[in-house]
Amino acid sequence: MDNKGIKVRIFDMQHGLREYDDVKIIRIISKDYNLLIMKDYLPIIGEIEGSIDIKNDTIDLSFPKIRAFYMNSNNIFNLMIKEEG
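Rules used throughout
Residues numbered from 1 in each chain as written. Predicted model: local features only at pLDDT ≥ 70, side-chain atom pairs only at ≥ 80, totals over all residues. Heavy atoms only, no water. Salt bridge = Lys/Arg side-chain N within 4 Å of Asp/Glu carboxyl O. Helix = DSSP H or I, 4+ residues; strand = E, 2+ residues; numbered from the N terminus. Buried < 20%, exposed > 50% of the residue type's maximum accessible area, 1.4 Å probe, protein only. Contact = heavy atoms within 4.5 Å. Polar contact = N/O pair within 3.5 Å; in protein donor to acceptor, adjacent residues only side chain to side chain. Pairing = 2+ DSSP bridges. Axes fitted to C-alpha atoms, helices over the stretch in contact; angles between N-to-C directions.

### Some details on the pattern of salt bridges
For the coordinates displayed, the defined rule picks out nine salt bridges. Notably, a salt bridge pairs glutamate 19 with lysine 7, separated by 3.4 Å at the nearest N-O pair. Taken as a pair, glutamate 19 in strand 2 (residues 16-23) and lysine 7 in strand 1 (residues 6-12) lie far apart in primary sequence, 12 residues in all. Take lysine 7: its relative accessible area is 17%, and that puts it in the buried class.

Dropping the structure here:
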């Protein structure tokens, strides 16, 4: 991967696999913690029941009520959505 940003892969049953390149920030907000993931963030894996925002210059995705698993490693962020809404 080049030095531009994070590659994001989102999987859910409704849309299948979606991929986005050059993401600048991923904000994860749950009742227990808040994370702001940026390029070169440490490897992390977890489960979220809360909200996620994914942003760059052209992308502004928001999942306000979500249950999902996530993993970030080597500037690749994977999100597997269990429930939305």
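### Brief notes about the environment of aspartate 12
Mapped onto the elements of the fold, aspartate 12 is located in strand 1. Residue classification places aspartate 12 among the buried positions, given a relative accessible area of 4%. The spatial distance from the C-alpha of aspartate 12 to the C-alpha of asparagine 78 is 11 Å, given a sequence separation of 66 residues. When sequence neighbours within four positions are dropped, the list of residues in contact with aspartate 12 reads Arg18, Ile81 and Glu84. A polar side-chain atom of aspartate 12 sits 3.3 Å from a polar atom in the side chain of arginine 18.

### Brief notes about the sheet that holds strand 3 (residues 25-30)
Whenever strands of a sheet pair, they do so through backbone hydrogen bonds, lying parallel or antiparallel. If you walk across this open sheet you meet the seven strands as 2-1-7-6-5-3-4, and the pairing is mixed. Both edges of this open sheet fall to strand 2 and strand 4 (34-38), since each of them pairs with a single strand only. Here the strands of the sheet are splayed against their neighbours by 35° on average, with no regard to which way each runs. Looking at chain direction, strand 1 and strand 7 (residues 76-84) are connected through five bridges and run parallel. The partner of lysine 7 across the bridge, within strand 7, is isoleucine 76.

Interpretation note: all reported values are geometric properties and have no functional meaning in isolation.
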